[in-house]
Amino acid sequence: MKKAWWKESVVYQIYPRSFCDSNGDGIGDLNGITSKLDYLKELGIDVIWLSPVYRSPNDDNGYDISDYEDIMEDFGSMADFDRLLKSAHEKGLKIVMDLVVNHTSDEHAWFLESRKNAENEKRDYYIWRKGRKLNEVSPEERKQFASDVVEYKGEKFLPPNNWGSFFSGPAWGFSEETGEFYLHLFSKKQPDLNWENERVRKEVFDMMNRWCEKGIDGFRMDVISLISKPEGLPNQPIPTGAIYGDAGQICANGPHVHAYLKEMNRKVLSHYDLITVGETAGVTLEEAKKYANSDGTELNMVFQFEHVSLDDNPKYGFKWNTEKMSLVSLKKNLTKWQNGLYEVGWNSIFFCNHDQPRIVSRLGNDSDLYRERSAKCIATFLHMMQGTPYVYQGEELGMSNYPFQDLSEFRDLESINAFHELTEKAHLDPAELFPMIAFKSRDNARTPMQWDDSENAGFTSATPWIKVNPNYKKVNAKEELARADSVFHYYQKLISLRHHSGLIVYGDFRLLEEEDPNLFIYERHLDGKALLCVCNVSEKEREYTPPAEFQDGQVLIQNIPDRDVRAGKLAPYEAYVLAVE
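Residues numbered from 1 in each chain as written. Predicted model: local features only at pLDDT ≥ 70, side-chain atom pairs only at ≥ 80, totals over all residues. Heavy atoms only, no water.

(A) Summary view of the overall build of the protein. The helix and strand tally for the protein stands at 18 helices and 23 strands. Taking 2.2 N^0.38 as the reference for a compact globule, 581 residues should give roughly 25 Å; the C-alpha atoms of the protein span a radius of gyration of 24 Å, in line with that estimate. With respect to the three principal axes, the spread of C-alpha positions in the protein is 80 × 50 × 50 Å. Each of the 581 residues in the protein was classed as buried or not, and the buried ones make up 64%. Sequence-distant contacts in the protein: of pairs separated by 6 or more residues, those separated by 24 or more amount to 70%. As displayed, the protein has an accessible area near 22000 Å², and 47% of this comes from carbon and sulfur atoms. (Helix = DSSP H or I, 4+ residues; strand = E, 2+ residues; numbered from the N terminus. Rg over C-alpha atoms; globule rule 2.2 N^0.38 Å. Buried < 20%, exposed > 50% of the residue type's maximum accessible area, 1.4 Å probe, protein only. Contact = heavy atoms within 4.5 Å. Areas by Shrake-Rupley, 256 points an atom, 1.4 Å probe, with all protein chains shown as cover.)

Given below as structure tokens:
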């Protein structure tokens, strides 16, 4: 297997708005990140992935970009970014930028030109279509999409097809300037770029090259699997419980996506020593082998989301739910990806990011009794796998979900829109729906980083843009840095173990106890060395004796200090790793 620095690295994701506020405006910023680099260095990570910091109207928290080569005023200036990059490099840390090129903001100069008239030279930078005349669609569609009808010059139109936006409502925005619709798979203020246009691709590649020349170390590519749209943009089946056709299903892994990424690789990525990861919603194992192929013609690795979709709601067919995922299903899914990409691609291993609820609440137990131990347990089985691990800010502290009580507490567009659409159009009971949205909302990941037990958790001296989790008095970095058995120090040790073990980085994966509903146990093997990872992911005591070949193994790490791991008993959420040569 080819070795590479990015395979041996650990990545730490920062959501800048919620990380550290240096100027007292309630919003995290670049200088705040720079002030915490020593903290990240102490944790031991290698790479910082910054969620978008570009100029943006901030409709979707920076994922709606109006200028790819300027900095959002909330976050500072380009001089502040240059200072962050220089300081990070001086400390041996790399910086990865979030590349958002499936869509721009509707306030980007390209779109402002594109919408002016049908003959504009930038018209074809985006995806424009004429609407469907109301008298030419079926009575069923007229009724189903009555709220989406627009009137223009005395005629009534529906959007060009039945696709729904990921953020609720139709995936089409109407432009009065020309009487046509533009595609937006996300919010109305995020029009999709037309990647079939060679000039669009050149604009994007030139911009990427300029960032690389500045000295950044890689790209995380937002929803990159969606950039190639299907021929004809046909109507899609409407899933059970949904209002619109599933655009994600037909747009993911489109007909030219691999050709576009190969071109990007030739014209940009191959010219620099970068780490590249694609967010690939809807990716299959076979598709992932193309994106993250070992020949290096596209990307280093992908984010797949099968494992974090296992707790989607089976009753309604959407992600909102309060039920925990089945550990058996999770083990089988992770095993499929571990073995499926072995020696032919590379895995990204993660549970948390800016779009996912906190894993200690989602899969573990965030009670005072088990929060720390279950956070360590989950971290153990994740970080002992093959692939590049991603740690999301606060995960290393065992930060948990926020106790949302009211819709007014949310800031996330997806959560707010879903509540309104599902209660007003699908007529779900608000009392049933709200707990589901509260449990799975992206805002759980976006509450401020908990630095200490002072007001607002040391995140800001002002009113924070989103509320701080009230448990910050107990769960914060200052307390955990001072305590040897904290979640922080456990993550620090996991990261250090990976840095010093080819077995952890490159070894194969062999699942044991496949059907056990509580135990996650597997072996890794490489060049005559082996490790056994044992995790009891439950509140139950269990009996388990390690296989004979591991009885005399060295304990690499355990989350209950000094406990005899060979005694045949597992405490709730106990985890340990044994190694033999």
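(B) Fine view of helix α6 (residues 198–214). The first and last C-alpha atoms of α6 sit 25 Å apart over 17 residues, in line with the 24 Å expected at 1.5 Å per residue. The elements touched by buried residues of α6 are β3 (54–55), β4 (67–71), α3 (78–90), β5 (94–99), β12 (218–221) and α8 (257–267). The opening residue of α6, the one whose side-chain oxygen lies 2.8 Å from the backbone nitrogen of R199, is N197. Note on α6: the residue one or two positions beyond its end, G215, has a positive phi of about 115°. (Expected span 1.5 Å × (residues − 1). Polar contact = N/O pair within 3.5 Å; in protein donor to acceptor, adjacent residues only side chain to side chain.)

(C) Structural context of the packing of aromatic side chains. Scanning all chains against the criterion turns up 36 aromatic pairs. Between F305 and F350, the aromatic rings sit 5.8 Å apart at their centres with planes inclined by 75°, giving edge-to-face as the arrangement. Taken together, the residues F305 in the loop between β14 (301–303) and α10 (327–340) and F350 in the loop between β15 (348–349) and α11 (359–362) connect sequence positions 45 residues apart. With a relative accessible area of 15%, F305 lands in the buried category. (Phe/Tyr/Trp six-rings, centres within 6.5 Å; stacked < 30°, edge-to-face > 60°.)

(D) Highlighting the environment of K122. If you trace the backbone, K122 turns up in the loop between α4 (109–114) and β6 (128–129). Separated by 136 residues in the primary sequence, K122 and H258 have C-alpha atoms spaced 24 Å apart. The residues contacting K122, other than those within four sequence positions of it, are W110, E113, S114 and E203.

(E) Quick peek at the sheet that holds strand β2 (residues 47–50). Spatial ordering of the open sheet is given by β14-β13-β12-β5-β2-β1-β16-β15, a layout of 8 strands whose pairing is parallel. If you trace the sheet from one side to the other, it starts and ends with β14 and β15, each paired once. Strand direction decides the pairing type here: β12 and strand β13 (residues 275–279), joined by 4 bridges, are parallel. For R220, the partnering residue across the bridge sits in β13 and is V277. (Pairing = 2+ DSSP bridges.)

(F) The arrangement of the packing of α6 against α8 in detail. With their axes 10 Å apart at the nearest point, α6 and α8 run at an angle of 40° to one another. Taken together, the axis directions place α6 and α8 in an arrangement best described as oblique. Crossing hand, α6 versus α8: right-handed. Facing R201, F205, M208 and N209 of α6, the residues of α8 in contact are Y260, E263, M264 and K267. Class assignment for the residues of the contact of α6 with α8 results in 4 nonpolar, 1 polar and 3 charged. (Axes fitted to C-alpha atoms, helices over the stretch in contact; angles between N-to-C directions. Parallel < 35°, antiparallel > 145°, perpendicular 65-115°, else oblique. Left-handed = near helix turned anticlockwise from the far one by under 90°. Nonpolar A, V, L, I, M, F, W, Y, C, P; charged D, E, K, R; others polar.)

(G) Inspection of the nonpolar core at higher detail. M208, F219, F351, F381 and F520 are the most contacted members of the largest nonpolar core, which totals 141 residues. In this structure M208 touches L99, F219, M221, M264, V268 and L269, once residues within four positions along its chain are discounted. With 20 residues, the next largest nonpolar core counts A171, F186, L226 and C251 among its residues. (Core = buried A, V, L, I, M, F, W, Y, C linked by side-chain atoms within 4.5 Å.)

(H) A look at helix α17 (residues 487–499). With 13 residues, α17 extends 19 Å from end C-alpha to end C-alpha; this agrees with the ideal 18 Å at 1.5 Å per step. Every buried residue of α17 is listed here: V487, F488, H489, Y490, Y491, L494, I495, L497 and R498.

(I) Examining the sheet that holds strand β11 (residues 180–183) more closely. Spatially, the 3 strands line up as an open sheet ordered β6-β11-β10, and their pairing is antiparallel. Edge positions in the sheet fall to β6 and β10 (172–175), since each has one partner strand and no second. Note that β10 and β11 share 4 bridges and pair antiparallel. Within β11, the residue paired with S175 across the bridge is E180.

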